[in-house]
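# A structural walkthrough
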Amino acid sequence: MKRTHNATDISSQNVGQEVVLNGWVNTRRDHGGLIFIDLRDRSGIIQIVFSPDVNEESFHLAEQVRGEYVVAAKGKVSLRPEETENPNLLTGKVEIYVEEMEVLNRAKTPPFYIEDNIDVDENLRLKYRYLDLRRPEMRKNLELRHRVVKVMRDYLDEKAFIEVETPILTRSTPEGARDYLVPSRVHPGEFFALPQSPQQYKQLLMVAGMEKYFQIARCFRDEDLRADRQPEFTQLDMEMSFVDEEDIFQLIEEMMLRIFKEGLEQDISIPFPRISYEDAMKKYGNDRPDLRFGLEIVDLTELLRDVEFKVFSGAIKSGGVVRAINARGCGSFARREIDKLGEMAVEYGAKGMAWIVVGENELKSPIIKFLTEEEVEQILNALEAKPGDLLIFGADSAETVARVLGNLRMELARRLNLLEKESLNFVWVLGFPLLEYDEEAKRYVADHHMFTSPCLEDIELLDTDPGGVKARAYDLVLNGVEVGGGSIRIHRRDWQEKIFGLLGLTVEEAQEKFGHMLEAFEYGAPPHGGIAFGIDRLLMIMSQRQSIRDLIAFPKTQSASCPMMETPSEVSMRQLRELSLKIRDK
RNA sequence: GGAGCUGUGGUGUAGCGGUUAACAUGCCGGCCUGUCACGCCGGAGAUCGAGGGUUCGAAUCCCUUCAGCUUCGCCA
């Protein structure tokens, strides 16, 4: 019995028609003389009815059927009797009286309910992922993913982009994340690396004259996992020749508009606001600011430069800063809650956390006794403090204060319920530093990656103050999540060599590891730039999920394993021998 | 590598030094012709993640370990 309709294709339009449905038994309600089954297929649910008056044989078969049995059912579509319509079902006005049923396969009782909003150990869901994915919300996530990726392809196709696949077996490169390695059988002792991103290939495609490239690219990074980080994830990777930042912003904003319109039927407003890296760090303590709420960080360094209180003035004298957040309305926090915030501050690297509770007529604080009345007054003014507010201070290096207050700001937002899931707040972050000084390695490392072009006006600084050079890099941030990032690249050999030098690569090392890039730049490399989007993360926000695992059909657990396939796994001695590998004793 | 939370019938929880290990749901059997989380009656189902220790006695306290989740480091 082959299906003629999907469950939700059927409506009152089909009354009287004979149809065949294929699907799974969602639930069964046996009334003795009458049996109802909610039949589920990919489209949704419809009620089918078994009565001995209609067909004795299928009625008795329905008595045997259990949840998740796979069945085919043939019967006539009827309007439901009055008062028995179910407004919760798309097909709630109709039902099908089954004249013939076939059990296509039986099923064991599943280890968890096949329904939305279940509260089950995630390990179990992952072990039986094929059952987990039967749940409507998971199916919808994968459907959304399909739609969004299709919009991306359609949109970029319209814009004359060419989709090109690049190798999965590629070369290990220094810097960046830890590589996943694949041993070469043909070349004993040598390894491929799985790509962390198709960065070099896409630039070489620009040299090849593709002009506009994109790829739905799988990327691999062997680092510890998080709710929004998997060892393999998918990027929309793009690169264009003869463009500047504005071309890219415009292209992407229009694409996002389409993605949200066609993916969620939601209108977003473009262009997106922009913020400098510097402002983001100062006001939000973070290079991916969540602008869905205020609680901005206020700099008090100048104000407090000469105060007696050593925690403040001392931090400033040794080159640091003092900044504060006015947690509006948090003056009612119990001492314990404030102390908890202080503990968090310490976890994030602070030495402590000063605070002031602003009351109606008085201030409560362990620190005001170290400040003059006038200084306190100035602080309150700077923070626009009102009775009922809680003021939180950070005094340390600019970097530490930003990290501490940035994280406390997020924590306060969670406590005050300011993180509205439905609201969408895009922002471009611009003006990242090109290089960062790595204290441990005693050298500069690329903040974005080593092919990022410096801002032209900073070129001179490369020789005198490399740390002060800005990059032509940009991130797209959505609700505090970095969903995309890219840059205008270097396309000249001499500049690229200069950056390699600053990163501590010798001429020989640069030649050995990136000779192909340097050489390619000598054959008429066009100016180019691009961007890449974390598709999993974008979808996570679109579907209002807490983890990208819910948007990936078969994700890994936090320990980078798969309970269903039981990966990774050991391999045979023979395989190891072929690869010239030996497992070292632990 | 560090920190936190969790682990008890299939599932979700309760129990926190002496219980016949409780409840809900699911499962199995019976009854039921308008349910849609159907209802009613009955039943089965747990060596309390694993190992060790303390104790007359451990699901409960301690140590170790495993797994999951969150997070710091890490993630150009």
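Throughout this document, residue positions are counted from 1 along each chain, in the order its sequence is written. Here chains are named by letter from A upward and ligands by number from 1 upward, in the order in which they appear as written. A pLDDT threshold of at least 70 governs which residues receive local features in this predicted model, and a stricter bar of 80 or more applies before side-chain atom pairs are shown or counted, although totals over entire chains, interfaces and linings include all residues. Note that the side-chain values use all heavy atoms of the structure and ignore hydrogens as well as water.

### Concerning the protein's contact with RNA strand B
When we say a residue is near a molecule or strand, we mean one of its heavy atoms is within 4 Å of it. The local shell around RNA strand B holds 47 residues, among which Asp30, Thr84, Tyr97, Ala446 and His448 are the closest. Whenever a nitrogen or oxygen atom comes within 3.5 Å of another N or O atom, the pair is scored as a polar contact, on the condition that within protein one atom can donate a hydrogen and the other can accept it, and that pairs from neighbouring residues in sequence are kept only if both atoms are in side chains. Between RNA strand B and His31, the relevant distance is 3.3 Å, taken from a sugar or linking oxygen to a side-chain nitrogen or oxygen of the residue. In the model, a phosphate oxygen of RNA strand B is placed 3.4 Å from a nitrogen or oxygen of the Ala227 main chain. The way it works is that DSSP assigns letters per residue, a run of H or I at least four long becomes a helix, a run of E at least two long becomes a strand, and they are numbered from the N terminus. Where the surface near RNA strand B is concerned, the elements lending two or more residues are strand S1 (18-30), strand S2 (35-41), strand S5 (94-105) and helix H2 (122-127). Throughout, the ten residues Ala, Val, Leu, Ile, Met, Phe, Trp, Tyr, Cys and Pro are labelled nonpolar, Asp, Glu, Lys and Arg are labelled charged, and all others, Gly among them, are labelled polar. Its residues assigned to classes, the surface near RNA strand B comprises 12 nonpolar, 17 polar and 18 charged.

### Observations regarding the nonpolar core
The tendency in soluble globular proteins is for nonpolar side chains to be buried as a group. Among buried residues, those of type Ala, Val, Leu, Ile, Met, Phe, Trp, Tyr and Cys that are joined through side-chain atoms within 4.5 Å constitute a nonpolar core. The rule is simple: take the accessible area with a 1.4 Å probe, protein chains only, and divide by the maximum for that residue type; under 20% is buried, over 50% is exposed, in between is partly exposed. Met238, Ile252, Met256 and Ile259 are the most contacted members of the largest nonpolar core, which totals 42 residues. When residues of this core are traced back to their parent elements, those giving at least two are helix H4 (136-158), strand S10 (232-241), helix H6 (245-264), strand S17 (426-430), strand S20 (473-478), strand S21 (481-488), strand S22 (528-534) and helix H15 (535-542). Ranked by residue count, the leading element in this core is H6, at eight residues. Counting residues domain by domain, this core receives three or more from each of domain 2 (123-272 + 530-565) and domain 4 (423-525). Contacts between residues were defined by any pair of non-hydrogen atoms, one from each residue, lying within 4.5 Å. Setting aside residues up to four positions removed in sequence, Ile252 forms contacts with Met238, Trp428, Leu476, Ile531 and Phe533. Residues Ile275, Ala280, Ala446 and Val469 belong to the second largest nonpolar core, which totals 29 residues. Throughout the structure description, domain borders are defined by an automatic or database domain assignment.

### Some remarks on the sheet that holds S2
By definition, the strands of a sheet pair up through backbone hydrogen bonds, in either a parallel or an antiparallel sense. Within the closed barrel, the five strands sit side by side as S1-S2-S3-S5-S4. Their pairing is mixed. Mean inter-strand twist for the sheet, computed between neighbouring axes without regard to direction, equals 55 degrees. A pair of strands counts as paired when DSSP detects no fewer than two bridges linking them. Axes here refer to lines fitted to C-alpha atoms; in helices the fit is confined to the stretch in contact. Angles between the N-to-C directions go from 0 to 180 degrees.

### Overview of the state of the cysteines
Two cysteine sulfur atoms form a disulfide, by the criterion used here, when they sit within 2.5 Å. Under the criterion given, the structure shown has zero disulfides. Take Cys219: it sits in no disulfide, and the sulfur closest to it among the cysteines is that of Cys562, at 20 Å. A relative accessible area of 0% places Cys219 in the buried class.

### Some points on H4
Multiplying 1.5 Å by the residue count of a helix minus one yields the expected span of that helix. Look at H4: 32 Å from first C-alpha to last across 23 residues, which is about the 33 Å you get at 1.5 Å a residue. All buried positions along H4 are accounted for by Glu137, Met138, Arg139, Asn141, Leu144, Arg145, Val148, Val149, Val151, Met152, Tyr155 and Leu156. Looking one or two places after H4, you find Ala160, whose phi comes out positive at around 70 degrees.

### Considerations on the packing of helix H5 (residues 199-207) against helix H14 (residues 507-521)
The packing of two helices is summarised by the inter-axis angle and the distance between the axes. Where H5 meets H14, the axes come as close as 10 Å, and the angle between the chain directions of the two elements is 20 degrees. By the angle between their directions, the pair H5 and H14 is classed as roughly parallel. For the crossing formed where H5 meets H14, the hand is left-handed. Side by side, H5 and H14 meet where Gln200, Gln203, Leu204 and Val207 of the first sit next to Phe514, His516, Met517, Ala520 and Phe521 of the second. Its residues placed into classes, the contact of H5 with H14 shows six nonpolar, three polar and no charged. Should an angle fall under 35 degrees it is taken as roughly parallel, and over 145 as roughly antiparallel, whereas 65 to 115 is taken as roughly perpendicular and any remaining angle as oblique. Each crossing gets its hand from how the near helix is turned against the far one by less than a right angle, where anticlockwise is left-handed and clockwise is right-handed.

### Overview of the side chain of Asn141
When you line up the elements, Asn141 lands in helix H4. Since its relative accessible area comes to 5%, Asn141 is described here as buried. Every residue in contact with Asn141, bar those within four places of it in the chain, is listed here: Ser543, Arg545, Asp550 and Leu551.

### So, helix H1 (residues 56-64)
Those residues of H1 that sit buried are Ser58, Phe59 and Ala62. Considered in projection along H1, the buried side chains sweep an arc of 105 degrees and stay on one side of the axis. Facing away from the buried side of H1 by more than 90 degrees, the exposed set consists of Glu57 and Gln64. Next to the buried residues of H1 lie S1, S2, strand S3 (44-50) and S5. The N-capping residue of H1, defined by a side-chain oxygen 2.9 Å from the backbone nitrogen of Glu57, is Asn55. Regarding the arc, it is the one traced by the directions from the helix axis to the C-beta atoms.

### Considerations on the confidence of the model for chain A
Detailed conclusions should not be drawn from predicted coordinates in areas where pLDDT is low. For every residue, the predictor reports its confidence as pLDDT, a number between 0 and 100. When the pLDDT values of chain A are averaged, the result is 95; 100% of them are 70 or greater. Two numbers describe this predicted complex: its pTM, 0.95, and its ipTM, 0.93.

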